[in-house]
Amino acid sequence: MIVFLVFLFLIVYCYAGYPLAVWAVSQIFEKPVRKSPICPDIAIVVAAWNEQDVMEQKIRNLLSLDYPVQKMEIWIGSDGSTDRTEDIVRSFSDDRVKLLAGRDRRGKPAMLNDVMSRVQAEIVVFTDARQTFDPQTVRELVANFSDPSVGCASGELMFREKEGATAKGVNLYWNYEKFLRRCESRIHSILGATGAIYAIRRSLFSPVPDQVVLDDMFVPFQIIRRGYRSVFDETAKAYDDVAANSQEEHRRKARTLFGNYQIFGLFPDLFFPWRSPIAIQLFSHKFLRVVAPFLLIAIFVLNLFLLDSLLMRAVAVLQIVFYTMALTGGLARNRNCGILSGLSRLCYAPYVFCLLNFSAVIGFLRFVGSKQQVTWQKARDIDGREK
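Since we're looking at a predicted model, the values are computed, not measured.

About the cut-offs
- Residues numbered from 1 in each chain as written.
- Predicted model: local features only at pLDDT ≥ 70, side-chain atom pairs only at ≥ 80, totals over all residues.
- Heavy atoms only, no water.
- Helix = DSSP H or I, 4+ residues; strand = E, 2+ residues; numbered from the N terminus.
- Buried < 20%, exposed > 50% of the residue type's maximum accessible area, 1.4 Å probe, protein only.
- Areas by Shrake-Rupley, 256 points an atom, 1.4 Å probe, with all protein chains shown as cover.
- Contact = heavy atoms within 4.5 Å.
- Phe/Tyr/Trp six-rings, centres within 6.5 Å; stacked < 30°, edge-to-face > 60°.
- Core = buried A, V, L, I, M, F, W, Y, C linked by side-chain atoms within 4.5 Å.
- Salt bridge = Lys/Arg side-chain N within 4 Å of Asp/Glu carboxyl O.
- Lys, Arg positive; Asp, Glu negative; His and termini not counted.
- Polar contact = N/O pair within 3.5 Å; in protein donor to acceptor, adjacent residues only side chain to side chain.

A. Spotlight on the overall build of the chain. The helix and strand inventory of the chain stands at 11 helices and 8 strands. A total of 387 residues make up the chain; the buried ones form 53% of that total. If you sum the accessible surface of the chain, you get close to 18,000 Å²; carbon and sulfur atoms cover 60% of it.

Have a look at this one:
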């Protein structure tokens, strides 16, 4: 019974207790960023592989940003692209657009390191090929660096609305995550950054090991380790499409959670409160999140042996109802009419919750088996075309 209660407490604390606690602490001990307009030299870095479908739109979006022309350059690092990505980049005559073409595909970390060895700008903005920026996004992001304590600033990724249980569930989860980031940023730092939109001081960049999957955690954690803050700025917005289906979201999340285990091994010192300003957040937000599926399995199994009281029987029934809803949401997620459509809307939250926890288990198995590739395979739709 004691083990059951401890595991149950950890689950409740992870998903409800910690958010309430971090919100309360952020209201009392807020550390505002001393943000003000500045215009240092900046470099926008995009690591790309076979992005011919979006590359022209991406470069045009970046060139249209409201930032002094003479103070901005755009670096496209092509990681051995085999489509028209590099030709599209070369077609731009604007001197701000620079291409670094790799012969072989080595993965994003190697490509970022190569580009960063050539970048001289004071501030570097990292982004992916898919997302688009608001015109003021870079100005807002860079303004955070007027505060000397800030070494990294992450913008807000906005998902466009889509129909379907997976899309709605992911949107709900992402809003929950952004709430936690806002609170953690007010206290000291967020735990990583949004890879689609974050910036750092060039002087604080450390080369990313070739096999690291999450550069957007490794880079900010190195900066936090050096005594700087990594903050979240809601006024700097990028836009993307939410995962179109459960397979895409599962694959993306499994890769992310595999990367979390890597980060834990690379930054064990950040778990110690006497050495790290983010120790409690790291344990509560990231570590408990990746062990949560194992706790949930243990809670369910233990509950089956603890049915001697009305309360424990009620807990067992609630678990069965929840997982039945998750299964129903999964079966009905692609139905757009009749009762199945209504079930999909009712059950999408339990379904996506279980999908993300299942992805955490797969991420752990990949970590143990060292089976996660550093190179990223883009999602494909049902017709086989790359998204």
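B. Main features of helix α4 (residues 108–116). Most of α4 sits inside the fold, with 7 of its 9 residues counted as buried. Those residues of α4 that fall on the buried side of the exposure criterion are Pro109, Ala110, Met111, Leu112, Asn113, Val115 and Met116. Among the structural elements, β1 (42–48), β2 (72–78), β3 (97–101), β4 (123–127) and α7 (215–225) are those in contact with the buried residues of α4.

C. Structural detail: the packing of aromatic side chains. Applying the stated criterion across every chain yields a total of 17 aromatic pairs. Centre to centre, the rings of Phe272 and Trp274 are 5.2 Å apart; their planes meet at 15 degrees, and the pair counts as stacked. On the numbers, 5.6 Å between centres and 80 degrees between planes, the contact of Phe322 with Phe353 is edge-to-face. Residue Phe322 is located in helix α10 (residues 310–332), and its partner Phe353 is located in helix α11 (residues 338–369); the two are separated by 31 residues in the primary sequence.

D. Molecular detail of the environment of Leu204. For Leu204, the position within the fold is in the loop between β7 (198–201) and α7. Between the alpha carbons of Leu204 and Tyr228 there is a distance of 9.4 Å; along the sequence they are 24 residues apart. Contact partners of Leu204, with chain neighbours within four places excluded, come to Gly151, Ile223, Arg226 and Tyr228.

E. Local environment of the nonpolar core. One finds Val45, Val119, Phe126, Ile200, Val219 and Phe221 to be the most contacted residues of the largest nonpolar core, which totals 54 residues. Tallying contributions element by element places helix α9 (residues 279–304) first for this core, with 8 residues. One finds Ala48, Val125, Leu157 and Ala236 within the second-largest nonpolar core, a separate group that totals 36 residues.

F. Molecular detail of the pattern of salt bridges. Inspection of every chain in the model, using the stated rule, returns 18 salt bridges. A salt bridge links Glu56 to Arg60; the shortest N-O distance between them is 3.0 Å. Residue Glu56 and its partner Arg60 are located together in helix α2 (residues 55–63), separated by 4 residues, close to a single helical turn. In this structure, Arg182 engages Glu234 in a salt bridge whose closest nitrogen and oxygen atoms are separated by 3.2 Å. With a gap of 52 residues between them, Arg182 in helix α6 (residues 165–187) and Glu234 in strand β8 (residues 229–241) connect regions that are remote in the sequence.

G. Structural detail: the side chain of Lys58. Of note, Lys58 is situated in helix α2. The charged side chain of Lys58 is buried without a salt bridge, its nearest counter-charge being Asp128 at 7.6 Å. The residues touching Lys58, leaving out its near neighbours within four places in the chain, are Val46, Thr127, Asp128, Ala129, Gln131 and Phe133.

H. A look at the environment of Asp128. One can find Asp128 in the loop between β4 and β5 (132–133). Residues Asp128 and Ala48, 80 residues apart in the sequence, show an inter-C-alpha distance of 7.2 Å. The contact partners of Asp128, leaving out residues within four places of it in the chain, are Val46, Lys58, Lys108, Gly195 and Ala196. Side chain to side chain, Asp128 and Lys108 meet in a polar contact 3.2 Å long.

Honestly, that's just the spatial picture; any functional story needs more than this.
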